[in-house]
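Summary of the model geometry
Below, each chain spelled out in residue letters.
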Amino acid sequence: MTESVAPPPAGRAVVRLVAGMPTSDGAGVRLTRVIGTPALDALDPFLMLDEFGSSDPSAYIAGFPDHPHRGFETITYMLDGRMRHRDNHGNEGLLTAGSMQWMTAGRGIVHSEMPEQEQGLMRGFQLWLNLPASDKMRPAEYRDVAPADIPVVSLPGGGRVKVLAGRFGGVEGPAPARATAPLYLDVELPAGAGLAAAVPVGHAAFLYVYEGEVSVGETAVVAPKLAELGPGEALTATATAGPARFLVIAGKPLKEPVARYGPFVMNTPAEIHQAISDFQRGAF
Ligand code: FE2
């Protein structure tokens, strides 16, 4: 009788480290763009990742007045502060610390994202997730996820994982089902603790370390830094130099042509021209 023993899962290694780029967007909100820069144009299916964080109201108070989107989704995750969302489909929501907003622009939305505070810390992330060609013109959708509706998994060696999308530790995040099957975790580790997470084979995956330092295999990732991960089915990351906080984000690549013009992300230049003309004639 032979006994088969499963080999240990192949760990994903860091293949590239990328620093974000300071920039401003909206009416003058200062932020760090991590994906969507000359250094890292996109990481299919992710089109953009912005980190915002400041205690200086002049860095955020102008907010993001009315602007359009078409063809993808924006996922906003707040660590601190309050932002008010309003859109032309009649949705309104208040993003508070620890909450997530999942907005599907689909065929078109015009929205504003404005700070609802005049002082104090405003901090969080906005991720742009592409939609496949077949979903780009789906109706717009908006959902607010309260902090209490984001599952938190305690790690055996200390620390915790908030599951915003995908599966971890036997729980499923509150994200809608998508062709890209996104995984989005917010991880907090005390010094010396580690995370072992399954990351679906074939998914593009990265870490964004926003506090402290995390080691993946031989590579140290020091905040603030994105670490793109190579192929494999699992991720092991350890807080090697004090406590650390980081995002783990992964998704199935769409491998479709991308035509991008500001807030419109389609497959062809003709679809971009159509988006501009639809927006101008008020068809969003
Ligand atoms: Fe927006």
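Presented here is a report on the structure given in the accompanying data block. Numbers given to residues run from 1 along each chain, matching the order in which its sequence is written. The predicted nature of this model means local features are confined to residues of pLDDT at least 70 and side-chain atom pairs, given and counted, to a pLDDT of 80 or more, with totals for whole chains, interfaces and linings taken over all residues. Note: side-chain values were computed over all heavy atoms of the structure, leaving out hydrogens and water.

1. A few points about the pairing of strand β9 (residues 100–104)
For clarity, the threshold we go by: Using a 1.4 Å probe on the protein chains alone, a residue whose accessible area is under 20% of its type maximum counts as buried, one over 50% counts as exposed, and one in between counts as partly exposed. In this description a helix means any DSSP run of H or I spanning at least four residues, a strand means any run of E spanning at least two, and both kinds are numbered starting from the N terminus. If DSSP finds at least two bridges between two strands, the strands pair.
Counted residue by residue, β9 has five buried out of five residues, so it is predominantly covered. In β9, alternate side chains face the same way, and those of Met 100, Trp 102 and Thr 104 on one face and Gln 101 and Met 103 on the other are all buried. With five bridges connecting them, strand β6 (residues 72–80) and β9 associate as antiparallel partners. In the strand pairing of β9, Thr 76 is matched with Gln 101. With five bridges connecting them, β9 and strand β12 (residues 141–145) associate as antiparallel partners. Looking across to β12, one finds that Met 103 is bridged to Tyr 142.

2. Let's talk about the sheet that holds strand β1 (residues 14–18)
The strands making up a sheet associate through backbone hydrogen bonding, with each pair oriented either parallel or antiparallel. Counted only if it meets this: What counts as an axis is a line fitted to C-alpha atoms, over the stretch in contact for a helix, and the angles between N-to-C directions run from 0 to 180 degrees.
If you trace the seven strands from one edge of the open sheet to the other, you get β1-β22-β19-β24-β17-β14-β13, paired in antiparallel fashion. Both outer strands of the open sheet, β1 and β13 (152–154), are each paired with one neighbouring strand and no more. Taking the axes of each pair of neighbouring strands and ignoring which way they run, one obtains an average angle of 20° across the sheet. Here five bridges tie strand β14 (residues 160–165) to strand β17 (residues 183–189), and the two strands are oriented antiparallel to one another. Bridge pairing in β17 places Ala 165 opposite Tyr 184.

3. Brief notes about the side chain of Gln 126
How we decide: By the criterion applied in these results, polar contacts are pairs of N or O atoms within 3.5 Å in which, for protein atoms, one can donate a hydrogen and the other can accept it, and in which residues neighboring in sequence qualify only through two side-chain atoms. Pairs of residues are marked as contacts when any of their non-hydrogen atoms sit within 4.5 Å.
Position of Gln 126 relative to the elements: it lies in strand β11 (residues 122–130). There is a polar contact of 2.9 Å between the side chain of Gln 126 and the side chain of Glu 113. Once residues within four sequence positions are removed from consideration, Gln 126 is found in contact with Met 48, Leu 49, Asp 50, Phe 52, Thr 74, Ile 75, Thr 76 and Glu 113.

4. Here's the deal with the pattern of salt bridges
For clarity, the cut-off: Each salt bridge in this description consists of a side-chain nitrogen of Lys or Arg and a carboxyl oxygen of Asp or Glu lying within 4 Å of one another.
Considering all chains together, one arrives at 21 salt bridges under this definition. Across the salt bridge formed by Glu 73 and Arg 178, the nearest N and O atoms sit 2.8 Å from each other. Remark: Arg 178 occurs in the loop between β16 (171–172) and β17 and Glu 73 occurs in strand β6; sequence separation between them is 105 residues. Judged by relative accessible area, Glu 73 falls into the buried class, the value being 0%. Under the relative-accessibility criterion, Arg 178 is labelled buried at 12%. One salt bridge in this structure joins Glu 116 and Arg 82, with 4.0 Å as the shortest N-O distance. Highlighted residues: Glu 116 in the loop between β10 (109–115) and β11 and Arg 82 in the loop between β6 and β7 (83–87), separated in sequence by 34 residues. When its relative accessible area of 32% is taken as the criterion, Glu 116 is described as partly exposed.

Structural measurements only, silent on function.
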